[in-house]
Amino acid sequence: MSELDAVFLPVRELAERVRTRQVSPVALTRLFLDRLERIGPRYNAVVTLTADLAEKQAQESEREIGEGRYRGPLHGIPYGLKDVFATEGYPTTWGAGPLRDQAFDYDATIVRRLRDAGAVLAAKLALVELAGGTGYRRADASFTGPGLNPWDPGTWSGGSSSGSGSAVAAGLVPFAIGTETWGSIVGPSNNCAVSGLRPTFGRVSRHGGMPLTYGMDKPGPMCLTADDCGLVLDAIAGHDERDEATTTRPYEYRLHRPERGRFRLGVPKGVPEGSQPGVQDRFREALVALAEVADIEEVELPDLPYAEVSRTIFLAESASVMEELIDSGMTAGLTAPEARIGIYPRTAVLATDYLRALRLRGAIAEAADRLLARCDALLSPTRPTVAPPADRPWVKKAGERAADPLNAFGSCIGLPAISVPMGFSDGACRSACRSWVGPMTRTWCWPLPPPTRG
């Protein structure tokens, strides 16, 4: 098996070769460590290579599998971790230069659960500084440099999980963990043409991760396929006493579900038309493909201020979460000029506005329940645009957020979402289709041939 054959295999196929001992976890780990070290710098994707730990975990996996103690589909599979999660023995920088030596003496819950599943931690991956929590308008808002897109290195890989998107797309790791408060998993997945799953709020523990908000943060997997996302979510989901927001409701990923007839999918009126022409073209092609297995209808989103509610909650909670950092003056050492001051205006958000937003969030959730009683999922382009250039600041146009209301809609009330590749647009494979809710969202994937990226 050639290097490219190995590094662009979906986790499910790679796992079967590991399980049957056609592929050695040690050899596989060394292959990915080499690519992380050799190719990772091209995309500014890696903060810390955890080579010693990876070698130890890979050897343990190989020994266990040889003894017949196979833990499951992630056993012996290397992965990358967004550098917001505590990892004992290694720095956890949160993407911020002033915190490049920050360290914790414990592992985050998500790290422990992946270790228990037998996964091998190969690297801690780059991100936008402080997960974008202080505001930014440029790709280079990180002390590791701008996150670059392996399909087109002149464009941005997306934020804030920039390194996770680049690493999976470039074949540096079979899967990665990202986090999302408002678009930070599905955005890089869109730009880098990988599959990214934002779980339901409370499905995955945030313990040991950098907090950005109290009620919107969600860790999740970024993989080559939607099926791989389901496999990874199976390993990391579950209640955690150290995170009071985690749900006790059971979860189990099943690739094949009982026959239940055709799916019902809704396309919100006017949403696709807010996208660039090339994105609209790919989305229409995706709808034609989905029409073979689903009944698709246009639906009307309730007339509620999703973006305004989400933004108010985000601003108020991030200001509270980062109060200690603000008081310390650490933000003055951030890379992006706007990030150094962006957190301060948030401290002026009125308590009355925040409480009003929380009440409106309840109304949005009720409206979503009524709408989704008619549909298994809602569909839209993940982002209205392809990946922007990485070498200059972005200028947001008036009404730009209004072109992507589902992002605010889902993030606000904690709905799950998945972004999967749906084709090329403007010369780059970085358009994606997003779906929210419904049991079938975990099974969509249109595999694409791997690019020539080393």
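The shown structure was predicted, so the numbers you read here are calculated from the model rather than taken from an experiment.

Once that is clear, we can look at the overall build of the chain. Within the chain one finds 14 helices and 13 strands. Against the globule reference of 22 Å for 454 residues, the chain gives a C-alpha radius of gyration of 21 Å, in line with a compact fold. Overall, the chain is about 60 × 55 × 45 Å in size when its C-alpha atoms are taken along their principal axes. When burial is assessed residue by residue, the chain has 59% of its 454 residues classed as buried. Within the chain, residue pairs in contact and separated by at least 24 positions form 79% of the contacts whose partners lie at least 6 positions apart. When the accessible surface of the chain is totalled, it reaches about 17,900 Å², and 51% of it is carbon and sulfur. One finds the centroid of the 51 positive side-chain charges in the chain at a distance of 2 Å from the centroid of its 55 negative side-chain charges.

Turning our attention to the nonpolar core. Leu130, Phe175 and Ile177 are the most contacted members of the largest nonpolar core, which totals 110 residues. Per-element accounting of this core gives the leading share, seven residues, to helix 8 (residues 226–236). Contact partners of Leu130, with chain neighbours within four places excluded, come to Trp94, Gly95, Ala96, Leu99, Met210, Leu212, Met322, Leu325, Met330 and Leu334. One finds Phe263, Phe283, Ala286 and Leu379 within the second-largest nonpolar core, a separate group that totals 13 residues.

With that settled, consider the packing of aromatic side chains. Here the structure, examined in full by the defined rule, presents seven aromatic pairs. Aromatic side chains Trp94 and Phe104 sit 6.4 Å apart centroid to centroid with 25° between the ring planes, which places their arrangement in the stacked category. Of the two residues, Trp94 sits in the loop between strand 2 (78–82) and helix 5 (109–116) while Phe104 sits in the loop between strand 2 and helix 5, which places them ten residues apart along the sequence. Residue classification places Trp94 among the buried positions, given a relative accessible area of 13%.

When you line up the elements, Asp243 lands in the loop between helix 8 and strand 9 (263–268). A distance of 2.8 Å separates a polar atom in the side chain of Asp243 from a polar atom in the side chain of Arg206. Beyond its immediate sequence surroundings of up to four residues, Asp243 is in contact with Val204, Ser205, Arg206 and His207.

What follows is about the pairing of strand 8 (residues 218–223). The buried fraction of strand 8 amounts to six of the six residues, a majority that puts the element mostly inside the structure. Bridge count for strand 6 (residues 175–180) against strand 8 is six bridges, and the pairing is antiparallel. Pairing of Ile177 across the sheet is with Pro221, part of strand 8. Examined bridge by bridge, strand 7 (residues 195–198) and strand 8 share two bridges and lie antiparallel to one another.

Here we take up a negative patch on the surface. Together, Glu273, Glu298, Glu300 and Asp303 line one region of the surface with negative charge. Relative to the helices and strands, Glu298 resides in strand 10 (residues 294–299). Classification of Glu298 by relative accessible area gives exposed; the value is 54%.

On inspection of all chains with the given rule, the structure shows 19 salt bridges. Its salt-bridge partner being Asp83, residue Lys124 comes within 3.0 Å of it at the nearest N-O pair. Within this pair, whereas Lys124 is found in strand 3 (residues 120–125), its partner Asp83 is found in the loop between strand 2 and helix 5, the two being separated by 41 residues in sequence. Residue class for Asp83 comes out buried when judged on its relative accessible area of 0%. Between Arg242 and Asp240 there is a salt bridge; the shortest N-O distance is 3.3 Å. Salt bridges here are not isolated pairs; linked through shared partners, they connect Glu60, Glu64 and Arg71.

Note the cis peptide between Gly159 and Ser160, where omega equals 0°. Tracing the chain through its elements places Ser160 in the loop between strand 5 (152–156) and helix 6 (162–169). Here Leu130, not a glycine, exhibits a phi torsion of approximately 55°, which is positive. Exposure remark for Leu130: the relative accessible area of 0% places this residue in the buried category.

Moving on to the environment of Glu13. Within the element layout of this structure, Glu13 appears in helix 2 (residues 11–19). Considered as a pair, Glu13 and Pro73 are 60 residues apart in the sequence and their alpha carbons are 9.1 Å apart.

Attention now goes to the packing of helix 13 (residues 351–372) against helix 14 (residues 405–413). Interaxial distance between helix 13 and helix 14 falls to 10 Å at its minimum, and their mutual angle equals 110°. Regarding the angle of helix 13 to helix 14, the classification is roughly perpendicular. Contacts between helix 13 and helix 14 involve Arg361, Ile364, Ala365 and Ala368 from the former and Phe409, Cys412 and Ile413 from the latter. Classifying every residue of the contact of helix 13 with helix 14 by side-chain character gives six nonpolar, no polar and one charged.

An ideal rise of 1.5 Å per residue puts 20 Å on 14 residues; helix 3 (residues 25–38) measures up with 20 Å between its terminal C-alpha atoms. Along helix 3, the positions that sit buried rather than exposed are Pro25, Val26, Leu28, Thr29, Leu31, Phe32, Leu33, Arg35 and Leu36. Residues of helix 3 that are buried make contact with helix 1 (3–7), helix 2, strand 1 (46–49), helix 4 (51–66), strand 2 and strand 3. Sitting at the head of helix 3, Ser24 places a side-chain oxygen 3.2 Å from the backbone nitrogen of Val26.

For helix 6, the buried fraction is high: eight of the eight residues fall into the buried class. For helix 6, the full list of buried residues reads Ser162, Gly163, Ser164, Gly165, Ser166, Ala167, Val168 and Ala169. Contacts from the buried residues of helix 6 go to strand 2, strand 3, strand 4 (148–149), strand 6, helix 7 (186–192) and strand 8. Of the residues trailing helix 6, Gly171 is marked for its positive phi of about 70°.

Turning our attention to the confidence of the model for the chain. For the chain, the average pLDDT comes to 91, and 91% of its residues sit at 70 or higher. Counting contacts from residues 427–431, a segment whose pLDDT is below 50, to residues more than four positions away or on other chains yields 26 contacts. Throughout residues 436–454 the model reports pLDDT below 50, and contacts reaching past four residues in sequence, or to other chains, amount to 68 contacts.

About the criteria used
Residues numbered from 1 in each chain as written. Predicted model: local features only at pLDDT ≥ 70, side-chain atom pairs only at ≥ 80, totals over all residues. Heavy atoms only, no water. Helix = DSSP H or I, 4+ residues; strand = E, 2+ residues; numbered from the N terminus. Rg over C-alpha atoms; globule rule 2.2 N^0.38 Å. Buried < 20%, exposed > 50% of the residue type's maximum accessible area, 1.4 Å probe, protein only. Contact = heavy atoms within 4.5 Å. Areas by Shrake-Rupley, 256 points an atom, 1.4 Å probe, with all protein chains shown as cover. Lys, Arg positive; Asp, Glu negative; His and termini not counted. Charge placed at Lys NZ, Arg CZ, Asp CG, Glu CD. Core = buried A, V, L, I, M, F, W, Y, C linked by side-chain atoms within 4.5 Å. Phe/Tyr/Trp six-rings, centres within 6.5 Å; stacked < 30°, edge-to-face > 60°. Polar contact = N/O pair within 3.5 Å; in protein donor to acceptor, adjacent residues only side chain to side chain. Pairing = 2+ DSSP bridges. Patch = residues over 30% accessible without salt bridge, like charges linked within 9 Å, V, L, I, M, F, W, Y side chains within 5 Å. Salt bridge = Lys/Arg side-chain N within 4 Å of Asp/Glu carboxyl O. Axes fitted to C-alpha atoms, helices over the stretch in contact; angles between N-to-C directions. Parallel < 35°, antiparallel > 145°, perpendicular 65-115°, else oblique. Nonpolar A, V, L, I, M, F, W, Y, C, P; charged D, E, K, R; others polar. Expected span 1.5 Å × (residues − 1). pLDDT = per-residue confidence, 0-100.

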